[in-house]
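The primary structure of each chain is shown beneath.
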Amino acid sequence: MSHPDYRLNLGTPRGVSSVVGPHGVGASPGDKKSKNKSIRGKKKSIFETYMSKEDVSEGLKRGTLIQGVLRINPKKFHEAFIPSPDGDRDIFIDGVVARNRALNGDLVVVKLLPEEQWKVIKPESGDKETEGAYESDPPEELCGSHVLQPSLKGCNDSPDVIIEAQFDDSDAENGHGSTQNVLVDGVKKLSVCVHEKGQEDVGAPVTKDESTSVAQDIRALPEKSLQRSAKVVYIVEKKHSRAAMGFLKLLADKNSELFRKYALFSPSDHRVPRIYVPLKDCPQDFVTRPKDYASTLFICRIVDWKEDNSFALGQLAKSLGQAGEIEPETEGILTEYGVDFSDFSSEVLDCLPQGVPWTIPPEEFSQRRDLRKDCVFTIDPSTARDLDDALSCKPVANGIFEVGVHIADVSYFVPEGSKLDKVAAERATSVYLVQKVVPMLPRLLCEELCSLNPMTDRLTFSVIWMLTPEGKILNEWFGRTIIHSCTKLSYDHAQSMIESPTRTVPETELPPIAPEHTSDEVHQAVLNLHRIAQELRKQRFLDGALRLDQLKLAFTLDHETGLPQGCHIYEYRDSNKLVEEFMLLANMAVAHKVYRAFPERALLRRHPPPQTRMLSDLEEFCDQMGLPMDVSSASTINKSLTKLFGDDKYSLARKEVLTNMCSRPMQMAVYFCSGVLQDEAKFRHYALNVPLYTHFTSPIRRFADVMVHRLLAAALGYRKLPDVAPSVLQKRADHCNDRRMASKRVQELSTSLFFAVMVKESGPLESEAMVLGILSQAFDVLVLRYGVQKRIYCNALPLRSHHFQKVGKKPELTLVWEPEDVEQEPVQQVITIFSLVEVVLRAEDAALKYSAVLKQPGTEGLLGPQDEACDEDNKQD
């Protein structure tokens, strides 16, 4: 399909910065200063032609070009970054023109600009955003990540469903306790929170004094004040879906040729360009009744973006429904991130066992270790349906315990090369939204045949150890097994057992237990596992592991409407930690097993060390704040965070803020093939501080684990090694990484969406907040009751004046409030890092747009005295 040329530039491309002059090449046709004016009738390119593949390949070899994944700052979409290959400060890409039609997440090649065009970092501005806001990049393994378990629509036990979080072993490895940077850059990404009062205008060109590219006397500046800047010269892989959610508008110039053929699509995510869409794709009455569609969400796909146009060309894919409603917004999020939420095809479903009820074939009993008489049980969120893992623990002689981790044998049901295998590999992960799951596998497998449901024979892959009470491994066994789980415990059930070591938990407080086992037997097994897990955890941190627990939201949903009724900070307790320790132990054991067997073809998971410059900046900042922080290793960061703070509420709030800051330099953990990475030192997992790690324990919801199961089966002689070259395995690992990242973003945006709906339905919401960053005109806060981060703009507050200064090296913002009574003196409020302030979150007129405003000191208190950092509901253990 050929597209006509569009030579008109309607308006300024969003984010064109002063690198191309204050109006730049995207200036509107009516602008007298437009440089396009003199060459009317002649094509004028806005964007550079991409380099040839050969030149790019040569430039990468010579080191004159640099490759990396593009990140566009969600708060300042004219700013983009790629990671520096040497781990130093990110490379800066200033404006839409320098980005050269690349979108967020694309793998790009950049060329460094001359040094006089590098970004000048002005220390006096107080603006520390030189790295581009990561949306939430630290590896989940750092966090003790949890997968949100959606409510069950047909739940009869309660009208309100609390969405719990399930352990995701990848979080412990990332050192992060949560994906709740979610709201770091808040809900701005989709229509959830498009633009806040006080923020710079999206279409406004950057004025000279705002510009970060300053040529004068650049050589006189200290090296640390400069950030290498570059332009995109090639897109290696368009990883962004090229789909966007947004709104339709008529073009401004009714007399233009374009007006008769095209409408303007305005994406909710300002990092995506505005798009011309053919009117024939639009609703029939759109031109005559455009206001009828003002709040209708559409999905549009970019099909072309020419060098001579600031806007892309697209096709309208579908109308989603009303903005601000959960289901249309959710569908938009899923589509933007390329999540396949379609029903499984009949060809895929034909791969499943057809006879229902399915029973284990007799030959499997002779080929597997039969553990059906053992006391095996699951521990999961109460709403979980896809039960991947089960545990067992029985005492043997001399105080030794036989401990088993039993994982659903998904690879048995997913024949390699089948249609089912291909679809699962393409989806690569289940995607957990607040209200539902988009599964990687058909529900018959996820929730029935593979799920380790109680009182049912199930096929499993097990790791069984002989352990001392201190968690020392005496013996290790891997193999295919059959289990019969005796009960499905929730985290609450397990927690009550842990908290009642001597009291028998009444059977009325427990789920049904198979008659072959008693509640006392299960209780004792949980206690033994808990004690060993405590020892394993203590040793892990002594050995240098790092964990950055961040606040994470869980919602209570209305049973009828599905709307959020309330939310609370999810509490990570001993029962969660118990499961985490044994999943980590199993993943590490399997990593060593498959790597020993197949040193060239093991699928492993590594966590690179943090960005060095960002870490040293953090260390310097902490030093300025009088907080000694040693960032030389994962271990020293963990020790510093543990030492710095007491357990009073103010200290805990400060720890949340500092934990948040420590998460920013962290990189993502990634899957890789051992045969592709030559340097074994790079196999290491930074947060866990171990040489080898992989994912084995969640094959129902992660395809990487299915691949690892196949490798382990080959290592144990159950099957032949899959005939896959390391380079092909690496491509599959890359795809798993991409889909995992997309899934994480979608989960965060789902949380953001539900929180924005809650503010709209239940707001305004009040909370204490702690300041975590100060700019010259605004400051960022962590809202302690809800774990969300928001930026508060001075010009959105009833202030007489405000003043930014550095006191020593500490940034400080003085607010002078307009008195409520003319006879009163104005109140001064000094905002510094770690200040406790009171904020109100309030919905605005636009769909799902909400803002945070500061409550004036001296007005009606919110949560009591200033030293109360969190209310009782949020107390952290």
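(A) A look at the overall build of the protein. For the protein, the count of helices and strands is 17 helices and 37 strands. By the burial criterion, 60% of the 877 residues in the protein qualify as buried. For the protein, contacts bridging at least 24 residues in sequence account for 73% of all contacts bridging at least 6. Here the protein displays about 35,800 Å² of accessible surface, and carbon together with sulfur accounts for 50% of that area.

(B) Just the pairing of strand S13 (residues 262-267), in detail. By the criterion of burial, S13 is predominantly enclosed, with six of the six residues buried. Across the two faces of S13 the burial is the same, with Tyr262, Leu264 and Ser266 and Ala263, Phe265 and Pro267 all buried. Note: strand S12 (residues 243-249) against S13, four bridges, orientation antiparallel. Each bridged residue has a counterpart across the sheet, and for Leu248 the counterpart in S13 is Phe265. Here S13 runs beside strand S14 (residues 275-278); their pairing, made up of four bridges, is antiparallel. In the strand pairing of S14, Leu264 is matched with Tyr276.

(C) Structural view of the environment of Asn638. Residue position: Asn638 is located in helix H14 (residues 634-644). With 92 residues separating them in the primary sequence, Asn638 and Leu546 have C-alpha atoms 5.2 Å apart. Discounting residues that sit within four places of it in the chain, Asn638 has contacts with Phe541, Ala545, Leu546 and Arg547.

(D) Representation of helix H16 (residues 703-715) in the model. With 13 residues, H16 should cover 18 Å at 1.5 Å per step; its first-to-last C-alpha distance of 19 Å lies within 8% of that length. Taken across its 13 residues, H16 has 12 buried, putting it largely inside the fold. Of the residues making up H16, those classed as buried are Phe703, Ala704, Asp705, Val706, Met707, Val708, His709, Arg710, Leu711, Leu712, Ala713 and Ala714. After H16 finishes, the residue Gly717 shows a positive phi value of roughly 85 degrees.

(E) Summary view of the packing of helix H10 (residues 491-499) against helix H12 (residues 574-597). Interaxial distance between H10 and H12 falls to 8 Å at its minimum, and their mutual angle equals 105 degrees. For the element pair H10 / H12, the angle class is roughly perpendicular. When H10 is examined against H12, the residues Tyr491, Ala494, Gln495 and Ile498 are found in contact with a partner set consisting of Asp574, Ser575, Asn576, Leu578 and Val579. Class assignment for the residues of the contact of H10 with H12 results in five nonpolar, three polar and one charged.

(F) Here's a closer look at the packing of aromatic side chains. All chains considered together, the criterion is met by 16 aromatic pairs. With centroids separated by 5.5 Å and ring planes inclined at 50 degrees, the aromatic side chains of Phe81 and Phe92 adopt a geometry described as tilted. With a gap of 11 residues between them, Phe81 in strand S3 (residues 79-82) and Phe92 in strand S4 (residues 91-94) connect regions that are remote in the sequence. The residues Phe81 and Phe92 share a single accessibility class, namely buried. Each member of the aromatic cluster is reached from another via a ring pair, and the members are Tyr262, Tyr276 and Phe311. Just above the ring of Phe541 sits the side chain of Arg540; from NZ or CZ to the centre is 5.1 Å. Positioned above the aromatic ring of Tyr671 is the side chain of Arg605, whose terminal nitrogen or guanidinium carbon lies 4.5 Å from the ring centre.

(G) How the structure looks around the sheet that holds strand S35 (residues 827-832). Strand order across the open sheet formed by three strands is S33-S34-S35, with antiparallel pairing between neighbours. Pairing within the sheet leaves two strands with one partner each, and these edge strands are strand S33 (799-807) and S35. Across the sheet, the mean angle from the axis of one strand to that of its neighbour is 20 degrees, orientation sign disregarded. Examined bridge by bridge, strand S34 (residues 810-817) and S35 share six bridges and lie antiparallel to one another. Residue pairing in the sheet places Val816 in a bridge with Gln828 of S35.

(H) Quick peek at the pairing of S3. Every second residue of S3 is oriented toward a common face, with Glu79 and Phe81 on one face and Ala80 and Ile82 on the other, all of them buried. Here strand S2 (residues 71-72) pairs with S3 via two bridges, running antiparallel. In the strand pairing of S3, Arg71 is matched with Phe81. Connecting the antiparallel pair S2 and S3 is a turn made up of six residues. Note that S3 and S4 share four bridges and pair antiparallel. Among the inter-strand pairings, Ile82 is bridged to a residue of S4, identified as Ile91.

Rules of the game
Residues numbered from 1 in each chain as written. Predicted model: local features only at pLDDT ≥ 70, side-chain atom pairs only at ≥ 80, totals over all residues. Heavy atoms only, no water. Helix = DSSP H or I, 4+ residues; strand = E, 2+ residues; numbered from the N terminus. Buried < 20%, exposed > 50% of the residue type's maximum accessible area, 1.4 Å probe, protein only. Contact = heavy atoms within 4.5 Å. Areas by Shrake-Rupley, 256 points an atom, 1.4 Å probe, with all protein chains shown as cover. Pairing = 2+ DSSP bridges. Expected span 1.5 Å × (residues − 1). Axes fitted to C-alpha atoms, helices over the stretch in contact; angles between N-to-C directions. Parallel < 35°, antiparallel > 145°, perpendicular 65-115°, else oblique. Nonpolar A, V, L, I, M, F, W, Y, C, P; charged D, E, K, R; others polar. Phe/Tyr/Trp six-rings, centres within 6.5 Å; stacked < 30°, edge-to-face > 60°. Lys NZ or Arg CZ within 6 Å of the ring centre and 35° of its normal.

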